[in-house]
Amino acid sequence: MPYLLLRKIILDIINYMSTQDIPSGTVHTLPIDLKKVLKRDDAIQSAWNTITPLARNEWICWVENAKQIETRNRRIKRTYEELIKGKRRPCCWMGCSHREKNGK
C-alpha cells in the first residue's frame, strides 16, 4: 500500500510540474481537462500564452460555467478551434461574473 501512495504522489507532482508553463486567468485556475487540450501542440499553447490574463479568465469561466458535461466538452473543443483561428475571447459570452469591476 505505501508503494501505491508514493507512486500516486510522484505522478501528481509530475503532472503538476508539466502544466506549470500554461498560465491561468485572473480569477479562475486552469481546469485539468482544458490544460490537457492546451498541451496538445505548440500552436495552441502559443495562442493561449499570447492572450491577456483577462481573456484567459473569460475562456476558463466560459468552460466552467457549462452545466452539462456535453456542453463543457463542446466548449473545450470550441476553445481550441477558436484560439487556433485567432479569436481572443469566447463569442457571445456575457463575460465572467466572478471578477471585480476593476478587472481583478
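Residues numbered from 1 in each chain as written. Predicted model: local features only at pLDDT ≥ 70, side-chain atom pairs only at ≥ 80, totals over all residues. Heavy atoms only, no water.

With that settled, the discussion passes to the packing of aromatic side chains. All told, the structure shown has one aromatic pair when counted by the stated rule. Arranged with centres 5.8 Å apart and planes meeting at 75 degrees, the rings of Trp59 and Trp62 form a pair that is edge-to-face. On the criterion of helical spacing, the pair formed by Trp59 and Trp62 is a turn pair, its members being three residues apart in helix 4 (residues 53-64). Comparing Trp59 with Trp62, the two get one shared label, buried. Sitting above the plane of the Tyr80 ring, Arg40 keeps its charged end 5.4 Å from the centroid. (Phe/Tyr/Trp six-rings, centres within 6.5 Å; stacked < 30°, edge-to-face > 60°. Helix = DSSP H or I, 4+ residues; strand = E, 2+ residues; numbered from the N terminus. Buried < 20%, exposed > 50% of the residue type's maximum accessible area, 1.4 Å probe, protein only. Lys NZ or Arg CZ within 6 Å of the ring centre and 35° of its normal.)

Before going further, it helps to examine the packing of helix 4 against helix 5 (residues 69-84). Packed helix pairs are characterised by how far apart their axes lie and by the angle those axes make with each other. In contact at an axis separation of 8 Å, helix 4 and helix 5 are set at 155 degrees when each is read in the N-to-C sense. As summarised for this structure, helix 4 and helix 5 are arranged roughly antiparallel, according to the angle between their axes. Counting all contacts with helix 4, which are made through Trp59, Trp62, Val63 and Glu64, the residues of helix 5 involved are Arg72, Arg75, Ile76, Arg78, Thr79, Glu82 and Leu83. Looking at side-chain class alone, the contact of helix 4 with helix 5 contains five nonpolar, one polar and five charged residues. (Axes fitted to C-alpha atoms, helices over the stretch in contact; angles between N-to-C directions. Parallel < 35°, antiparallel > 145°, perpendicular 65-115°, else oblique. Contact = heavy atoms within 4.5 Å. Nonpolar A, V, L, I, M, F, W, Y, C, P; charged D, E, K, R; others polar.)

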